[in-house]
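Remarks on the overall topology
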Amino acid sequence: MEATALRKTFVKKVVYLSLGSNVGDRKANLEAAIAGLRKLGEVRAVSSYYETEPMEFTAQPWFLNCAVALETELMPKQLLKALLAIEKEMGRRRTASKGPRLIDIDIVFFGSSVIATKGLAVPHPAMQERRFVLEPLAEIAAEMRHPLLHKTVRELRDALPPGGAVKRAVP
């Protein structure tokens, strides 16, 4: 009798991430983080880089932000763990909430999944209030629909009140 090999099938999901840096060489930090993401799956799209005004804790340098579409086989908690490892390897130290950071990588969407567990909420619970997330994301996923708010990224961006300066960075 011949043994049949058990095959695992993995479902790939397209995950949308928001990246930001406001410490050191911000562009190099984003590029290093994107290089790290390539080890987790296929980077399908990267938005332009955007200069963005800090929110909440405003006494800090402006951020450089972008959005990334990543196709991955990782499950949500596995992906979160891998993203935190990239941040740590790059030197991120979580000292002050909303404070300056070498790199920040947030999961905005995990396919069309809704996830609410300890330590992970997807879609990102504040994304619809953040121009620095929506502007780059609209560049690569304007028609992506928020699974709870039932609006596209473009509609969410266009509904934002004025404020929170975001401008495309010169390459």
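Bear in mind the structure is a predicted one, so any value in this text is a computation, not a measurement. (Residues numbered from 1 in each chain as written. Predicted model: local features only at pLDDT ≥ 70, side-chain atom pairs only at ≥ 80, totals over all residues. Heavy atoms only, no water.)

1. Comments concerning the overall build of the chain
Scanning the chain from N- to C-terminus turns up four helices and eight strands. Scanning the chain from its N terminus toward the C terminus, one meets helices and strands in the order β-α-β-β-β-α-β-β-β-α-α-β. Taking the intrachain contacts of the chain between residues at least 6 apart in sequence as the baseline, contacts between residues at least 24 apart amount to 67%. Summed over its atoms, the accessible surface of the chain is roughly 9,900 Å², and 54% of this surface lies on carbon and sulfur atoms. (Helix = DSSP H or I, 4+ residues; strand = E, 2+ residues; numbered from the N terminus. Contact = heavy atoms within 4.5 Å. Areas by Shrake-Rupley, 256 points an atom, 1.4 Å probe, with all protein chains shown as cover.)

2. Points about unusual backbone geometry
In this chain, Val 122 is followed by Pro 123 through a cis amide linkage whose omega measures 0°. Of note, Pro 123 is situated in the loop between β7 (120-122) and α3 (131-141). Even without being a glycine, His 150 presents a positive backbone phi close to 55°. You can see His 150 is positioned in the loop between α3 and α4 (153-158). Look at His 150 and you get exposed, because its relative accessible area is 55%. (Buried < 20%, exposed > 50% of the residue type's maximum accessible area, 1.4 Å probe, protein only.)

3. Things to note about a nonpolar patch on the surface
A contiguous nonpolar surface patch, about 250 Å² in accessible area, is contributed by Val 114, Leu 148 and Leu 149. Topologically, Leu 149 is positioned in the loop between α3 and α4. Note on Leu 149: relative accessible area 36%, which makes it partly exposed. (Patch = residues over 30% accessible without salt bridge, like charges linked within 9 Å, V, L, I, M, F, W, Y side chains within 5 Å. Salt bridge = Lys/Arg side-chain N within 4 Å of Asp/Glu carboxyl O.)

4. A look at the side chain of Glu 51
Tracing the chain through its elements places Glu 51 in strand β3 (residues 50-52). Its relative accessible area of 18% is what places Glu 51 among the buried residues. The residues touching Glu 51, leaving out its near neighbours within four places in the chain, are Arg 26, Trp 62, Phe 63, Leu 64, Ala 165, Val 166, Lys 167 and Ala 169.

5. Thoughts on the pairing of strand β4 (residues 63-72)
Most of β4 is tucked away: ten of the ten residues are buried. Going residue by residue along β4, you find Phe 63, Asn 65, Ala 67, Ala 69 and Glu 71 tucked away on one face and Leu 64, Cys 66, Val 68, Leu 70 and Thr 72 tucked away on the opposite face as well. Of the strand pairs in this sheet, strand β1 (residues 13-21) and β4 are connected by nine bridges, and their pairing is antiparallel. Residue Tyr 16 lies in a different strand from β4, and its bridge partner there is Ala 69. Pairing of strand β2 (residues 42-46) with β4 involves four bridges; the strand directions are antiparallel. (Pairing = 2+ DSSP bridges.)

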